[in-house]
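Fold and geometry: a report
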Amino acid sequence: MKNRILQTSPVPTMIPRLIVGLIFLSEGVQKFILPAIVGAGRFEKIGFVSPEFWAGFTGIFEIFCGILILLGVFTRLAVVPLLVVMGVAFIRTKIPVLVHKGFWAMAHEYRTDFALTLLLLFLLYFGGGRFSLDRKYFGGKP
């Protein structure tokens, strides 16, 4: 039943692709245009060694994978590095909040990351969907 709904309607996969793709594309670009706030400055603040390298590395993956997801090209493959980015972000930024401020403070700060991670898992499971370049060029199950 679930696969039949996803195969006949473009909406169930297009909306998550738009949300995930646009957010990661935007965040990746911001790492370069606002380096002190969300790029190297942020990476330095949370304790990364070589923050310029890691901010650029992460930004490039976010831009590239965000574009792939928006287009629906190699969707499942593009999700994997972004799940790693989300996992590292959780470990580096949310676990310290949990330890120092407690569960509810962490839950509040993690709400957007949590929703984005669930959307990534959705795309990993279902792929790019009916109106994706994956489906157009590779046919069959997207």
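Attention in this report is confined to the structure presented alongside it. (Residues numbered from 1 in each chain as written. Predicted model: local features only at pLDDT ≥ 70, side-chain atom pairs only at ≥ 80, totals over all residues. Heavy atoms only, no water.)

1. Re the nonpolar core
Using the following cut-off: Residues belong to one nonpolar core when they are buried, are Ala, Val, Leu, Ile, Met, Phe, Trp, Tyr or Cys, and are joined through side-chain atoms within 4.5 Å. The classification of residues rests on relative accessible area computed with a 1.4 Å probe and restricted to protein chains. Under 20% of the type maximum is buried, over 50% is exposed, and intermediate values are partly exposed. Helix and strand definitions here come from DSSP, where helices need a minimum of 4 consecutive H or I residues and strands a minimum of 2 consecutive E residues; each element is numbered from the N-terminal end. We call two residues in contact whenever any of their non-hydrogen atoms come within 4.5 Å of each other.
Counting 13 residues, the largest nonpolar core has Val20, Phe24, Ile69, Leu82 and Leu120 as its most contacted members. Where this core is concerned, the elements lending two or more residues are helix H2 (11-33), helix H5 (51-71), helix H6 (75-101) and helix H7 (103-126). The greatest single-element share of this core, amounting to four residues, is contributed by H6. Not counting chain neighbours up to four residues away, the residues in contact with Ile69 comprise Arg17, Val20, Gly21, Thr75, Ala78, Val79, Leu82, Leu120 and Leu123.

2. Quick look at the packing of H5 against H6
What counts here: Note on geometry: axes are lines fitted to C-alpha atoms, helical ones only across the stretch in contact, with angles between N-to-C directions running from 0 to 180 degrees. Crossing handedness is read from the near helix: turned anticlockwise from the far helix by less than a right angle, it gives a left-handed crossing, and turned clockwise, a right-handed one. Lys, Arg, Asp and Glu make up the charged group, whereas Ala, Val, Leu, Ile, Met, Phe, Trp, Tyr, Cys and Pro make up the nonpolar group; the residues left over, Gly among them, are polar.
Where H5 meets H6, the closest approach of the two axes is 9 Å, and the angle between their N-to-C directions is 150°. Considering how the two elements wind past one another, H5 and H6 form a crossing that is left-handed. Contacts between H5 and H6 involve Thr58, Phe61, Glu62, Cys65, Leu68 and Ile69 on the former and, on the latter, Thr75, Ala78, Val79, Pro81, Leu82 and Val85. Among the residues forming the contact of H5 with H6, the class breakdown is nine nonpolar, two polar and one charged.

3. Considering the packing of aromatic side chains
Note on aromatic pairs: each is described by the distance of the centres and the angle between the planes. Worth spelling out the cut-off: A pair of aromatic rings is counted whenever rings of Phe, Tyr or Trp (Trp by its six-membered ring) have centres within 6.5 Å, and the orientation is called stacked for planes under 30 degrees apart, edge-to-face for over 60 and tilted otherwise. Here, a charge over a ring means that NZ of Lys or CZ of Arg falls within 6 Å of the ring centre while also lying within 35 degrees of the ring normal.
Applying the stated criterion across every chain, the model contains 10 aromatic pairs. Aromatic pair Phe53 and Phe57: ring centres 5.6 Å apart, planes at 25°, arrangement stacked. Here the residue Phe53 and the residue Phe57 both occupy positions in helix H5, the gap between them amounting to four residues, near one helical turn. Residue classification places Phe57 among the partly exposed positions, given a relative accessible area of 37%. Geometrically, the ring pair formed by Phe122 and Phe126 is tilted, given 4.7 Å between the ring centres and 45° between the ring planes. Highlighted residues: Phe122 and Phe126, both in helix H7, separated by four residues, approximately one helical turn. Residue classification places Phe122 among the partly exposed residues on the basis of a relative accessible area of 23%. Among the aromatic residues, those joined into a ring-pair cluster are Phe53, Trp54, Phe57 and Phe61. Geometry around Phe48 places Arg92 over its ring, the cationic atom sitting 4.3 Å from the centre.

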